[in-house]
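Structural overview for review
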Amino acid sequence: MLQSGLCRSTLLFTLTFVLAMFTATIDTLKASPAVSSVTEFKLDNGLQVIVVPDHRAPVVTHYVWYRVGSADETAGVSGVAHFLEHLMFKSTDKIASGAFSKIIAKLGGQDNAFTNYDVTGYYQRIAKDRLKTVMEMEADRMVNLRLTEREVATEREVILEERRSRTENNPSAILSEQMSAALYQNHPYRIPIIGWMHEMAKLSREDAMSFYKRFYAPNNAIVVVAGDVSVDEVRNLAQAAYGSLKPNPDIKERVRPQEPPHRAPRRVELKDPRAGNASVRRYYLTPSISTAAPGEAEALYLMMKIAANGSTSRLYQKLVSEEKIASSAGGWYSGSGLDSGSIGIYAVAAEGVDLGKLEAAMDGVLHELREKGVTEGELDRAKKAFIAEFVYESDSQSALARRYAEGALLGQTIEQVNDFPAAIARVTVADIARVAAKHLDIRNSVTGTLIPVPSEPEREAALKPEAGKL
Amino acid sequence: MRHVRRAGACGKAALFASLLVFTAFLLPASRAEAMNIQVVKSPGGITAWLVEEHSVPLIGMRFAFEGGSAQDPAGKDGVAHFLAGMLDEGAGDLDGKTFQERMEEIAMRMSFDDARDAFYGSLETLSENRDAAVALLALALSKPRFDADAVERVRGQLLAGLAYAARDPDRVATDQWNALAFSGHPYGRPTQGTQATIQKMTREDLREYWARTFAKDNLRVVVVGDIDAAALSGVLDTLFGQLPAKAQLTPVVPVQPAAAEKFKVIEMAVPQSVARFGLPAFPRSDKDFIPAFVVNTVLGGGVMSSRLWEEVREKRGLAYSVHTNIQPYDQTCVFSGGVATKNEEIANSLDLIRAEIKRIAAEGPTEKELRDAKDYLTGSFALRFDSNAKIANQLLWFWQEGLDPGYVDRRNAEIEAVTLTDAKRAAKRLFEGRDLIVTVVGRPKGLAANPQPRG
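Residues numbered from 1 in each chain as written. Chains lettered and ligands numbered in written order. Predicted model: local features only at pLDDT ≥ 70, side-chain atom pairs only at ≥ 80, totals over all residues.

Right, let's get into the overall build of chain B. Each helix and strand in chain B was counted, giving 17 helices and 13 strands. Computed over C-alpha atoms, the radius of gyration of chain B comes to 23 Å, within 12% of the 23 Å expected from 2.2 N^0.38 for 455 residues, which places it in the range of a compact globule. Each principal axis of the C-alpha atoms in chain B carries an extent, and together these give about 65 × 50 × 40 Å. Counting every position in chain B, which comprises 455 residues, the buried fraction comes to 59%. At a minimum sequence separation of 6, the contacts of chain B that also span at least 24 residues come to 83%. (Helix = DSSP H or I, 4+ residues; strand = E, 2+ residues; numbered from the N terminus. Rg over C-alpha atoms; globule rule 2.2 N^0.38 Å. Buried ≥ 20, exposed ≤ 12 C-beta atoms within 10 Å, placed from the backbone. Contact = placed C-beta atoms within 7 Å.)

Following this line, the structure appears as structure tokens:
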């Protein structure tokens, strides 16, 4: 079954690992031949290629990830990375305007794209015998994009509508945006990925094209193919499709403005008629997988799992189950940023509960975590749950492809990606105590509250004297 | 993201269910042909579809009790939804916290979801922990505790969710569409209940729904993974053997979406108006069900290659998302769609959508569009079958639709068989002379002058 490839064998490896956690030791697992099945190579032009064999179905997932995201934008053109992502579906010499996705659909495939702070990704999921074609199409638009003023003007309206859908229509999203803007004082992570409305409205064809020419090149891209393919097949296809593209010699190491020490906690309050129940949330600035000391990110993942993930977590148990002052509560550690990570924690007030009381209770849970750390029992359960998630997620071909692409983006080797469950298993209660003391520092935080207020008609109604009382 | 697919106008309440709906027609022939679907019958009389996959020591199970929120008694709207939140909150001797810690200790995953016509359950476990996982699920299904403090906790969550949803334009537009189009029918009632019904829900209400709808004769089970038929037989009886033989379902009458007032604006202070629109469609038994599905792909279901995408988004930039779909329910079938456009322009978007519907009703798709849609639908078949979880979801949906395991092999041929004449006839039957039922949430401008007849 080993020939059946990586998805499966990685899964098998991890599973054996989990089972071992339940029963015995893990040391022998690192020698598993399975982990060597994911393969990575580079073309001469600098294109990084990762192959994740998964032979369960005759399909492939083809990812092209560019090492560029919204945090690489220059000041004043916020949203251009995401805007360009949309415009990449317009035309080249070979592809008529707007035909890209239609061609993919005609071939029985599905495609889409996304933009993040650190990466812009494109993907197709398609029958394996179409891999050659989609690689050729991606290679073509990597360097041959054409844009007309009209296409740009129309697509700009689309991204403005997208911002209205995602953010303007959603008070919770507005609060998150305001909190990120306060959490980061210097780093471009403070700017929303989609952009600020007033700058998006002015994005031009030149803004998009200059961003494209600066960042889209084989030596700034990662191709991941997961699916029913062999390494040799992918190597040949990738060489044929991408091999002739010229690298961009001006691609530089990514250096973005970094954060100064934070000296004072910040607070953001949003009052909105559409807020629902009152809620409080807090973000802390932390290291990420790529900036943390060895083992620190893993400890943060487990700390937040114990503190705030799910209904067995401390936060939920305290605020929701015991004190009954919150209707829900939770939190997470986000460690996949290139320059920084963050911790998030939130609670939604139960009917009639004062937000100050809720925040104090939340702080109580964090205080105890800082002062007393976690127990061995808690840590053991959290590890099992965390690793189990990793295993179950491995059933999805896209998730597997994403896992290795993210690793590559953060500069991790395949071995490091594969080692993640083992690294999780190595975390000790002392590690958690250390990261808790170090990173749950209120000076590095922003606290946001979302408070419902009456809507305009409701306010007007409240101001009008009741009929008959005059 | 270039495009995010949204749940349709009357999407089944849960994500799980909407995945089933969207993917129902896109099953892979190639995988399916290689796949052996066994029909397993346990000594205790439980039937399951099984696909063995022994390369990975994992087992996934999906099951459905026919019923769903359409079985919520009048005045108890949201009881099925409430129950879905209660089943991992303690059972037998285990209180909620102990139960959930047990689940974590054996790394199992268990979840429940309500939809219009069914109550869904899901189990995933490592093979090694199969018996322990099955024992926990069996306990949850046969001896739920409904502890008072757990009921209150879940009630608080549901009420907070409703408070937020009441201000969410998407949710309001969808709920209002259902209320308008299915007025007086269980499909028109809010699946997640109202502040009033959730406030009043008692543990007796939960127990009554559970006792009435969890039974052997309305149960369908699909299992994919590391288990053989003999072992599954035993598991089925452990899990479901204690349930009553027959469910006490209240009959739900067939219904067509219809509304005296076909157009409704719900005022909300948001910059972008969110619209839901829809019409009656044909049930699966109709000869034009598949042709209509192909026509919908051309119009708005094939998303990034559809006519509506082209006209509303690509040519004019009027929306980030515009989509349509055809959704069969047990007692109805609905063509529905959605669009969101700034308040000043929403009237334009709706006019364009109406014009495209009128055009496809009159002319049908072109030969090329039909060919392209069929190529997409048949070619993307395999994508829906590349993980254990997807296989289980797909098969359960087919079974619920009244199809047999062999449908997996026939499905692409049925799509291929649709002729241009079929497609034109289906488009005409579906759309000609029909007025869309539309709900709009926001502060839409210019809709008063809309040509849509009122009343």
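Having seen the model, we can carry on.
This part covers the overall build of chain A. Each helix and strand counted, chain A has 18 helices and eleven strands in total. Classification of the 470 residues of chain A by burial places 55% in the buried group. For chain A, the proportion of contacts with a sequence separation of at least 24, taken over those separated by at least 6, is 80%.

Let's shift gears to the domain arrangement of chain B. Along its sequence, chain B is organised into domain 1 (15-240) and domain 2 (263-382 + 405-442). Computed from C-alpha coordinates alone, the two centres of domain 1 of chain B and domain 2 of chain B are separated by 30 Å. (Domains from an automatic or database assignment.)

Counting 286 residues, the largest nonpolar core has Val224 and Leu302 of chain A as its most contacted members. The greatest single-element share of this core, amounting to ten residues, is contributed by helix α10 (residues 296-308) of chain A. (Core = buried A, V, L, I, M, F, W, Y, C linked by C-beta atoms within 7 Å.)

Glancing now at the sheet that holds strand β11 (residues 322-328) of chain B. Residue and element names in this part refer to chain B. Taken in spatial order, the five strands line up as β9-β13-β10-β12-β11 in an open sheet, and their pairing is mixed. Each edge of the open sheet is held by one strand with a lone partner, namely β9 (263-267) and β11. Pairwise comparison of adjacent strand axes, ignoring direction, gives a mean angle of 15° for this sheet. Where strand β10 (residues 272-280) meets strand β12 (residues 333-342), nine bridges bridge the pair, whose relative direction is antiparallel. Bridge assignment links Leu279 to a residue of β12, and that residue is Phe335. (Pairing = 2+ DSSP bridges. Axes fitted to C-alpha atoms, helices over the stretch in contact; angles between N-to-C directions.)

Moving on, we get to the packing of helix α12 (residues 307-314) of chain B against helix α13 (residues 346-363) of chain B. Residue and element names in this part refer to chain B. Look at α12 against α13: their axes get within 10 Å of each other, and the N-to-C directions meet at 150°. Of the possible angle classes, the one that applies to α12 and α13 is roughly antiparallel. Between α12 and α13 lies a crossing whose hand is right-handed. In contact with Arg307, Leu308, Glu311 and Val312 of α12, α13 contributes Ser349, Leu352, Ile353 and Glu356. Tallied by class, residues from the contact of α12 with α13 come to four nonpolar, one polar and three charged. (Parallel < 35°, antiparallel > 145°, perpendicular 65-115°, else oblique. Left-handed = near helix turned anticlockwise from the far one by under 90°. Nonpolar A, V, L, I, M, F, W, Y, C, P; charged D, E, K, R; others polar.)

Time to look at the interface of chain B and chain A. Opposite the 59 residues of chain B that make contact, chain A presents 64 residues. Looking at the side of chain B that touches chain A, the elements with two or more residues in it are α2 (29-34), α4 (96-105), β7 (118-126), α6 (148-165), α12, β12, α14 (367-379) and α15 (388-400) of chain B. Sort the elements by how many residues they give to the side of chain B that touches chain A and α6 of chain B lands first, with seven residues. Partitioning the side of chain B that touches chain A into residue classes produces 23 nonpolar, 17 polar and 19 charged.

The next subject is the domain arrangement of chain A. Put simply, an interface is often sized by how much accessible area is lost when its parts join up. Residues and elements named next belong to chain A. For chain A, the assigned domains read domain 1 (2-242) and domain 2 (266-452). Taken over C-alpha atoms, the centre of domain 1 sits 26 Å from the centre of domain 2. At the interface, 38 residues of domain 1 touch 36 residues of domain 2. Sorting the residues of the side of domain 1 that touches domain 2 by element identifies α1 (6-23), β2 (48-53), β3 (59-66), α6 (171-183) and β6 (221-227) as the ones contributing at least two each. When grouped by side-chain class, the residues that make up the side of domain 1 that touches domain 2 number 25 nonpolar, eight polar and five charged.

What follows is about α14 of chain B. Here α14 of chain B is 13 residues long and its end C-alpha atoms lie 18 Å apart, about the 18 Å a rise of 1.5 Å per residue gives. Considered for burial, the residues of α14 of chain B that qualify are Glu369, Leu370, Asp372, Ala373, Lys374, Tyr376, Leu377, Thr378 and Gly379 of chain B. Structurally, α14 of chain B contributes buried residues whose contacts are with α3 (100-106) and β5 (120-127) of chain A together with α11 (289-301), α16 (407-416) and α17 (420-431) of chain B. (Expected span 1.5 Å × (residues − 1).)

What follows covers the pairing of β2 of chain A. Residues and elements named next belong to chain A. Buried residues dominate β2, accounting for six of its six residues. Side chains Gln48, Ile50 and Val52 project from β2 onto one buried face, and the interleaved Val49, Val51 and Pro53 project onto a second face that is buried too. Bridge analysis of strand β1 (residues 39-42) against β2 gives four bridges, and the strand direction is antiparallel. Counted as the bridge partner of Glu40 is Ile50 from β2. The turn joining β1 and β2, which pair antiparallel and follow one another in sequence, is formed by five residues; a positive phi near 95° is taken by Gly46. Sheet analysis places β2 next to β6, joined by six bridges and oriented parallel. Each bridged residue has a counterpart across the sheet, and for Ile50 the counterpart in β6 is Val224.

Residue and element names in this part refer to chain A. With 89% of its residues at a pLDDT of 70 or more, chain A shows a mean pLDDT of 90. Segment residues 1-36: pLDDT under 50, and 75 contacts once partners within four positions in sequence are set aside and those in other chains are kept. This model gives residues 465-470 a pLDDT under 50, and the stretch forms one contact once residues within four places in sequence are excluded. (pLDDT = per-residue confidence, 0-100.)

This brings us to the environment of Trp65 of chain A. Residues and elements named next belong to chain A. By the element assignment, Trp65 lies in strand β3. Given 27 C-beta atoms within a 10 Å radius, Trp65 is considered buried. With 344 residues separating them along the chain, Trp65 and Leu409 place their C-alpha atoms 8.4 Å apart.

This paragraph deals with the environment of His82 of chain A. All names here are of chain A. One can find His82 in helix α2 (residues 80-87). In this structure, the C-alpha to C-alpha distance between His82 and Gly195, residues 113 residues apart in sequence, is 8.2 Å. When near neighbours in sequence (up to four residues on either side) are disregarded, His82 contacts Ser70, Thr115, Ile159, Ile193, Ile194 and Gly195.

Residues other than glycine seldom take positive phi values, yet Lys324 of chain A does so here, at roughly 55°. Note that Lys324 of chain A resides in the loop between α11 (314-322) and β9 (326-334). In this model, Phe146 of chain B sits at a positive phi of 50°, which is unusual for a non-glycine residue. Secondary-structure assignment places Phe146 of chain B in the loop between α5 (130-142) and α6. Look at Phe146 of chain B and you get buried, because 20 C-beta atoms sit within 10 Å.

The strand order across the open sheet formed by five strands is β7-β11-β8-β10-β9 (chain A), and the pairing between neighbours is mixed. At either margin of the open sheet sits one strand with a lone partner, and together these are β7 (266-272) and β9 of chain A. The sheet shows a mean angle of 10° between the axes of neighbouring strands, direction not considered. Bridge analysis of strand β8 (residues 279-286) of chain A against strand β10 (residues 341-349) of chain A gives eight bridges, and the strand direction is antiparallel. Looking across to β10 of chain A, one finds that Arg281 of chain A is bridged to Tyr346 of chain A. Of the strands in this sheet, β8, β9 and β10 of chain A touch α10 of chain A, which is tilted by about 175° from β9 of chain A. α6 of chain B contacts β9 and β10 of chain A of the sheet and is inclined by roughly 80° relative to β9 of chain A.

This part takes up the packing of α11 of chain A against helix α12 (residues 355-372) of chain A. Axes are the key here: two packed helices are described by the angle between their axes and the distance separating the axes. All names here are of chain A. At their nearest, the axes of α11 and α12 sit 10 Å apart, and the two run at 145° to each other. As for the relative orientation of α11 and α12, their crossing is right-handed in sense. Note on element contacts: α12 touches α11 through Ala361, Met362 and Val365, opposite Arg314, Leu315, Lys318 and Leu319. A per-class count over the contact of α11 with α12 returns five nonpolar, no polar and two charged.

Residues and elements named next belong to chain B. Confidence in the prediction of chain B, expressed as mean pLDDT, is 90, and 91% of residues score 70 or more. Note on residues 5-33: pLDDT under 50 across the span, and 90 contacts to partners over four residues away in sequence or across chains. Note on residues 449-455: pLDDT is under 50 here. Beyond four places in sequence and across chains, it has eleven contacts. Taken together, the chains of this predicted complex give a pTM of 0.91 and an interface ipTM of 0.89.

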